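Chain by chain, the residues run as shown.
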Amino acid sequence: MEKNNFMKSMKEENIKGNLDRLPTVLVTGFGPFRNHSENSSWLTVKELLNLNITDFNIIAKELPVEYEFVSKAVPELWEKHKPKLVVHCGMSEQARCITLEKVAYNADYHGCDIKGQVPQLNSCCENGPEKLSTAIDIDSVLEDVASSEVCVKAVASENAGRYLCEFTFYTSLKVNRNAAFVHVPPINQPYSARAMAQALALIISSMLKQIKNS
């Protein structure tokens, strides 16, 4: 019995050691907003947790659609978890494929959040750069998606919408440029949460490959 317990303990320690050696990726999605009782971005992130991912550790967080919360929480999440990569996900009602954002702008945020608020001075931060770009080569990631077996189409964008999605992206890029933003369409328009989660896993792996080689 003692030997069996010892072997079980060693196995658990080995598993934990392997997990400790994997890169940590913080992945966020948004909660309900406007007339959407469920947000496809958070549903996709939750489905990501159900996949058998072996090359990175996931820390998943749901963010409320609130400017003030995001402005405080995102830097705190970077500091607390010290992730190798942060991937924020948001829902786009207009999107019909996965969209990888390249840049985020500081100004012109006029859309009210779920509390009816807009950011001070309608910007992410006072006297911040006009725009910030991700350090990730998005075009290279798209090539990896296109050459894979996933059934989801992915494209690039330089206009993240000047709402909570872009606000979050800019706030994250201020902390570290190893940040990305992925817009997903509503569920089943045309992709299931499972299909989008599988594509998201591939996207994250491609981004981590770049960071490792940089």
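This one's a predicted model, so the numbers in the text were calculated from it and none came from an experiment.

Looking at this structure, how should I read the overall build of the protein chain?
Looking only at helices and strands, the protein chain features 6 helices and 8 strands. Taken from N to C terminus, the helices and strands of the protein chain fall in the order α-β-α-β-α-β-β-β-β-α-β-α-β-α. Here the C-alpha radius of gyration of the protein chain, 18 Å, is about what a compact globule of 214 residues would show, namely 17 Å. Counting only C-alpha atoms and orienting by the principal axes, one finds that the protein chain spans roughly 65 × 40 × 35 Å.

So what exactly am I meant to see when it comes to the side chain of Glu66 here?
By the secondary structure assignment, Glu66 is in the loop between strand 2 (57-63) and helix 3 (67-81). Dropping the residues within four chain positions of it, Glu66 is found in contact with Asp113, Ile114, Lys115 and Leu164.

Help me out: how do you make sense of the packing of aromatic side chains in this one?
What characterises a pair of aromatic rings is the spacing of the ring centres plus the angle enclosed by the ring planes. If you walk through the whole model with that rule in mind, you get 4 aromatic pairs. Centroid distance Tyr67 to Tyr163: 6.3 Å. Interplanar angle 90 degrees. Geometry classified as edge-to-face. Pair noted here: Tyr67 is in helix 3 and Tyr163 is in the loop between strand 7 (154-157) and helix 5 (164-175), with a separation of 96 residues, a long-range link. Side by side, Tyr67 and Tyr163 carry an identical accessibility label, which is buried. Through successive ring pairs, a cluster of aromatic residues spans Tyr67, Tyr109, Tyr163 and Phe167. If you follow Arg34 out to its NZ or CZ, it ends over the ring of Tyr163, 4.5 Å from the centre.

How should I be thinking about the environment of Thr99 in this particular structure?
Tracing the sequence through the fold places Thr99 in strand 4 (residues 98-101). Linking Thr99 and Asn35, residues 64 residues apart in sequence, is a C-alpha distance of 22 Å. Setting aside residues up to four positions removed in sequence, Thr99 forms contacts with Val155, Ala156, Ser157, Phe181, Val182 and His183.

How do you make sense of the packing of helix 4 (residues 138-146) against helix 6 (residues 193-213) when you look at a structure like this?
In a packed pair of helices, the relevant descriptors are the angle between the two axes and the axis-to-axis distance. Two elements in contact, helix 4 and helix 6, have axes whose closest approach is 9 Å; the angle formed by their N-to-C orientations is 130 degrees. It follows from the interaxial angle that helix 4 and helix 6 lie oblique. Pair helix 4 / helix 6 crosses with right-handed handedness. Across the interface between the two elements, Ile138, Ser140, Val141, Asp144 and Val145 of helix 4 pack against Leu202, Ile203, Ser206, Met207, Lys209 and Gln210 of helix 6. Taken together, the residues of the contact of helix 4 with helix 6 break down into 6 nonpolar, 3 polar and 2 charged.

Conventions used here
Residues numbered from 1 in each chain as written. Predicted model: local features only at pLDDT ≥ 70, side-chain atom pairs only at ≥ 80, totals over all residues. Heavy atoms only, no water. Helix = DSSP H or I, 4+ residues; strand = E, 2+ residues; numbered from the N terminus. Rg over C-alpha atoms; globule rule 2.2 N^0.38 Å. Contact = heavy atoms within 4.5 Å. Phe/Tyr/Trp six-rings, centres within 6.5 Å; stacked < 30°, edge-to-face > 60°. Buried < 20%, exposed > 50% of the residue type's maximum accessible area, 1.4 Å probe, protein only. Lys NZ or Arg CZ within 6 Å of the ring centre and 35° of its normal. Axes fitted to C-alpha atoms, helices over the stretch in contact; angles between N-to-C directions. Parallel < 35°, antiparallel > 145°, perpendicular 65-115°, else oblique. Left-handed = near helix turned anticlockwise from the far one by under 90°. Nonpolar A, V, L, I, M, F, W, Y, C, P; charged D, E, K, R; others polar.

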